[in-house]
Amino acid sequence: ITPNIYKASTTIEIGEKKGSSNPEDILTMAMNPGISNSDTEIEIIKSRSLIRKALKNVDFTHRYYVKYRFKETELYTDSPFEVVLQKGKGYSFNIFPVNAQYYRLEAEGIDPQSLKKWKIEKVLSYGESVDEKYFDFTLFIKEGLSLDKEMVYRFVVLDLVNVIEDIQKNLSVK
């Protein structure tokens, strides 16, 4: 089983406005002859602040998955549930629906200080806050939807800084 790999490309035209000669731009070009306006635009496109603004419109930090038999599929915005996470970014949480009111949670990780492995299995109600040593979240079922008992669901909430760094690392601007 291979993970989903997505690739997108776009073309952005960068150029000088004809008839506009800003004295500050002329002075900047005279002082830095090797730097063009397009180089500056490319650096802006690759900047952390612009990536952060884009991520406000498209949430890449919350990842939702469903597994049926042996195939896991990313749900993105089609998830029947939503998670509000207070603590526990980067951990993977498995959700096994029990019925319309309860689910079984399974999660494991490594304590960052002691480096000891931890594991939790617990039956909880939807909408109930789960406050443990390594994580704190609430799982809500979206209105009018339900979780299929035949499926196993999983979610991960990634740290925004790590997502931005990953995008910067993989962003190609030519």
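Attention here is on the structure that accompanies the text. What you see is a predicted model; the values in this text were computed from it and never measured.

## Description of a nonpolar patch on the surface
Next, step 1: Nonpolar side chains collect at one region of the surface, where V58, F60 and Y76 lie side by side and expose about 230 Å² of accessible area between them.
Next, step 2: Residue placement: Y76 occurs in the loop between β2 (71–74) and β3 (81–87).

## With respect to the packing of helix α3 (residues 48–57) against helix α4 (residues 160–170)
Next, step 1: The contact between α3 and α4 brings their axes to 10 Å, and the two run at 115°. In the crossing of α3 with α4, the sense of the turn from one axis to the other is right-handed. Here R48, I51, R52 and L55 of α3 come into contact with α4, specifically with L160, V161, V163, I164, E165, I167 and Q168.
Next, step 2: A breakdown of the residues in the contact of α3 with α4 according to their chemical character gives seven nonpolar, one polar and three charged.

## Some details on a positive patch on the surface
Next, step 1: Taken together, the side chains of R48, R52, K53 and K56 define a basic patch exposed on the protein surface.
Next, step 2: Topologically, R52 is positioned in helix α3.

Definitions and cut-offs
- Residues numbered from 1 in each chain as written.
- Predicted model: local features only at pLDDT ≥ 70, side-chain atom pairs only at ≥ 80, totals over all residues.
- Heavy atoms only, no water.
- Patch = residues over 30% accessible without salt bridge, like charges linked within 9 Å, V, L, I, M, F, W, Y side chains within 5 Å.
- Areas by Shrake-Rupley, 256 points an atom, 1.4 Å probe, with all protein chains shown as cover.
- Salt bridge = Lys/Arg side-chain N within 4 Å of Asp/Glu carboxyl O.
- Helix = DSSP H or I, 4+ residues; strand = E, 2+ residues; numbered from the N terminus.
- Axes fitted to C-alpha atoms, helices over the stretch in contact; angles between N-to-C directions.
- Left-handed = near helix turned anticlockwise from the far one by under 90°.
- Contact = heavy atoms within 4.5 Å.
- Nonpolar A, V, L, I, M, F, W, Y, C, P; charged D, E, K, R; others polar.
- Lys, Arg positive; Asp, Glu negative; His and termini not counted.
- Charge placed at Lys NZ, Arg CZ, Asp CG, Glu CD.

It is worth stressing that arrangement in space is one thing and function is another; only the former is reported here.
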